[in-house]
There are 2 protein chains.
Amino acid sequence: MSENSQFTKNSVEPYYGYSIPINEFFRCALSVDCTIIGYDKGDLKILLIKRGAEPFKGQWALPGDLMYPYENLDQAAERVLSHLTGLEDVYMDQVKVFGEVNRHPVGRVITVGYYSLVNIQDYKPKASAWAHQLDWHLVDELPELAFDHNQIVTAALTVLKERIWKDEIGFELLPEKFTLGQIQALWETILQEKFDKANFRKKLLSSQSLIPLNENQQNVSHRPAKLYALCNKDK
Amino acid sequence: MSENSQFTKNSVEPYYGYSIPINEFFRCALSVDCTIIGYDKGDLKILLIKRGAEPFKGQWALPGDLMYPYENLDQAAERVLSHLTGLEDVYMDQVKVFGEVNRHPVGRVITVGYYSLVNIQDYKPKASAWAHQLDWHLVDELPELAFDHNQIVTAALTVLKERIWKDEIGFELLPEKFTLGQIQALWETILQEKFDKANFRKKLLSSQSLIPLNENQQNVSHRPAKLYALCNKDK
DNA sequence: AATACTTATGGTATTATGTACCATAATGTT
DNA sequence: AACATTATGGTACATAATACCATAAGTATT
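Model, not experiment: these values are computed from the prediction. (Residues numbered from 1 in each chain as written. Chains lettered and ligands numbered in written order. Predicted model: local features only at pLDDT ≥ 70, side-chain atom pairs only at ≥ 80, totals over all residues. Heavy atoms only, no water.)

**Topic: the overall build of chain A**
Line of reasoning, step 1. Along the backbone of chain A there are four helices and nine strands.
Line of reasoning, step 2. What you see in chain A, going N to C, is helices and strands ordered as β-β-β-β-α-β-β-β-α-α-α-β-β.
Line of reasoning, step 3. Split into buried and exposed, the 235 residues of chain A put 51% on the buried side.
Line of reasoning, step 4. When contacts within chain A are restricted to residue pairs at least 6 apart in sequence, long-range pairs at least 24 apart make up 62% of them.
Line of reasoning, step 5. Total accessible area on chain A stands at roughly 11,700 Å², and carbon and sulfur atoms take up 48% of it. (Helix = DSSP H or I, 4+ residues; strand = E, 2+ residues; numbered from the N terminus. Buried < 20%, exposed > 50% of the residue type's maximum accessible area, 1.4 Å probe, protein only. Contact = heavy atoms within 4.5 Å. Areas by Shrake-Rupley, 256 points an atom, 1.4 Å probe, with all protein chains shown as cover.)

Structure below.
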């Protein structure tokens, strides 16, 4: 793409004459920043990296990277995620674009916020020089992050809350087989709201998106719950 | 910003060594494309321009423009809108980013889709060389648009539908004083769904977001309806 | 002037959905 | 065996959604 970057003014069809040379428009970089959400023993956590270089050296930040010229945006986000967590085919979606002029100190970098839901058990940190700079942080106790990353996290969590009932997401954070109690605890954590247990069951089961398995919970000191699996998302 | 574009590899903190020079990342342009929605005699319409230059010369397209180096994304979108319609302070929001590698034939242009709701009566096309290339098109009869603009329109309409009940938007498409019948007809057009008149009234009035005025419809050949105005959005 | 026609508006009955709460079941622990 | 704990099924009640009817208030027609 960079080979044919010989733009002429007319080739991009402005409404009126541009006041600066057309090449000046082609000086932006795109980045993706991923809010990677996990769930561990009742707590929501987010995967952060510690920056090893300026700007914001030593500060915690969302994992992210510049988009390569040959990459689609979604591919860049998947690359960041799989490189950091070793996970593929993970639930992932756009949150919002952050395009403030001065959001990045070294140049015009526009970032696209993504969020993804991962099962923290499946996650195996890549054995690399970066591993020691990676850590899960409690959502409620996030440090001050580099750039506008706190804003991105907030936006991601808002989107998650909005979508949870409508799209019935969140199961990605749980093991493949789970109990109704586990989903309820998870949704209560995400939405910061308590539900009546019996009613929650009814509502969720009536949606037909869960498959009851012929298996029960093991090694619990009370009546074991039936295990369920998620239906293939068809709608 | 373009003055200090002397990036070193470390200044952007990659997870691992980049396989291309850092400057290659800073060759993108950002654009905004606006789905400007209006409502005219029961029909939803979208403002399109006819492209006067390659690529896609002669084809209809969403109004949009490149983002200037000194502009925030939202500012660019507002600029496009006000330049084309003369309107300011209009309802406007991000829809989605479109970042496919080859979406723009002349270079790497990532576009941010916006949508806005305007009162088509207030709209006065700017008297300019561009005026004759501007036109409102019925949503149901859109031509094939340049680039991926049909996708953007579809995404914008989807977002509008999702938000209409939750955020009670759409009034922006109507005159300042309107009847309940008018809102209902509008929402029915947008959502492609019929509602019971009496129930729709109750539901909408119970939300407390409308102010009943001491005025009635004029010059209608039936019982005139009471006029309402929109409450200051406080929540 | 009376009648027909059209849309607005208020109301009620019915149905569906959401909520509170209780009873019993099934397991491990003491 | 009694108890603690969570699961699960069920019922009673409250609230919201829906269907539908009756009347009101205008214009147009006869």
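Now that the structure has been shown, we can carry on.
**Let's talk about the domain arrangement of chain A**
Accessible area lost during the coming together of the parts is what is often quoted as the interface size.
Residues and elements named next belong to chain A.
Line of reasoning, step 1. Under the domain assignment used here, chain A contains domain 1 (28-167) and domain 2 (174-230).
Line of reasoning, step 2. Opposite the eight residues of domain 1 that make contact, domain 2 presents 11 residues.
Line of reasoning, step 3. Taking both partners together, domain 1 and domain 2 bury about 1,100 Å²; carbon and sulfur atoms supply 76% of that area.
Line of reasoning, step 4. Broken down residue by residue, the surface that domain 1 buries against domain 2 is led by Tyr-39, Ile-164 and Trp-165, which jointly contribute 59%.
Line of reasoning, step 5. Counting across the interface, domain 1 meets domain 2 through zero salt bridges.
Line of reasoning, step 6. Per element, the largest residue contribution to the side of domain 1 that touches domain 2 is four residues, and it comes from helix H2 (residues 149-167).
Line of reasoning, step 7. Its residues placed into classes, the side of domain 1 that touches domain 2 shows five nonpolar, two polar and one charged. (Domains from an automatic or database assignment. Buried area = accessible area lost by both parts, 1.4 Å probe. Salt bridge = Lys/Arg side-chain N within 4 Å of Asp/Glu carboxyl O. Nonpolar A, V, L, I, M, F, W, Y, C, P; charged D, E, K, R; others polar.)

**A few points about the protein's contact with DNA strand D**
Line of reasoning, step 1. The environment of DNA strand D is made up of 18 residues, and the closest members are Lys-197, Arg-201 and Lys-226 of chain A together with Asn-199 and Arg-223 of chain B.
Line of reasoning, step 2. Taking the atoms of DNA strand D that fall within 4 Å of the protein, sugar and phosphate contribute 58% of them.
Line of reasoning, step 3. The contact in question runs from a base oxygen of DNA strand D to an N or O atom on the side chain of Lys-202 of chain A, over 3.1 Å.
Line of reasoning, step 4. Within the side chain of Arg-223 of chain B, one N or O atom sits 2.8 Å away from a base nitrogen of DNA strand D.
Line of reasoning, step 5. Elements with a contribution of two residues or more to the surface near DNA strand D: helix H4 (197-206) of chain A together with helix H4 (197-205) of chain B.
Line of reasoning, step 6. Sorting elements by how many residues they give to the surface near DNA strand D places H4 of chain A first, with four residues.
Line of reasoning, step 7. Of the residues contributing to the surface near DNA strand D, the split by class is six nonpolar, four polar and eight charged. (Near = heavy atom within 4 Å. Polar contact = N/O pair within 3.5 Å; in protein donor to acceptor, adjacent residues only side chain to side chain.)

**A word on the packing of aromatic side chains**
Residues and elements named next belong to chain A.
Line of reasoning, step 1. Tallying each qualifying case throughout the model produces 28 aromatic pairs over all chains.
Line of reasoning, step 2. Plain terms: the ring middles of Trp-165 and Phe-195 are 5.9 Å apart, the flat faces sit at 90° to each other, and that makes the pair edge-to-face. Remark: Phe-195 occurs in the loop between helix H3 (180-191) and H4 and Trp-165 occurs in helix H2; sequence separation between them is 30 residues.
Line of reasoning, step 3. Residue classification places Trp-165 among the partly exposed residues on the basis of a relative accessible area of 29%.
Line of reasoning, step 4. Through a chain of ring-to-ring contacts, the aromatic side chains of Trp-165, Phe-171, Phe-178, Trp-187, Phe-195 and Phe-200 assemble into a single cluster.
Line of reasoning, step 5. Positioned above the aromatic ring of Trp-165, the side-chain terminus of Lys-203 is 4.2 Å from the ring centre. (Phe/Tyr/Trp six-rings, centres within 6.5 Å; stacked < 30°, edge-to-face > 60°. Lys NZ or Arg CZ within 6 Å of the ring centre and 35° of its normal.)

**Quick look at the protein's contact with DNA strand C**
Line of reasoning, step 1. Taken together, the neighbourhood of DNA strand C is formed by 18 residues, with Asn-199 and Arg-223 of chain A together with Lys-197, Arg-201 and Lys-226 of chain B sitting nearest.
Line of reasoning, step 2. Within the backbone of Lys-226 of chain B, one N or O atom sits 2.7 Å away from a phosphate oxygen of DNA strand C.
Line of reasoning, step 3. Elements represented by at least two residues in the surface near DNA strand C include exactly H4 of chain A together with H4 of chain B.
Line of reasoning, step 4. The element best represented in the surface near DNA strand C is H4 of chain B, accounting for four residues.

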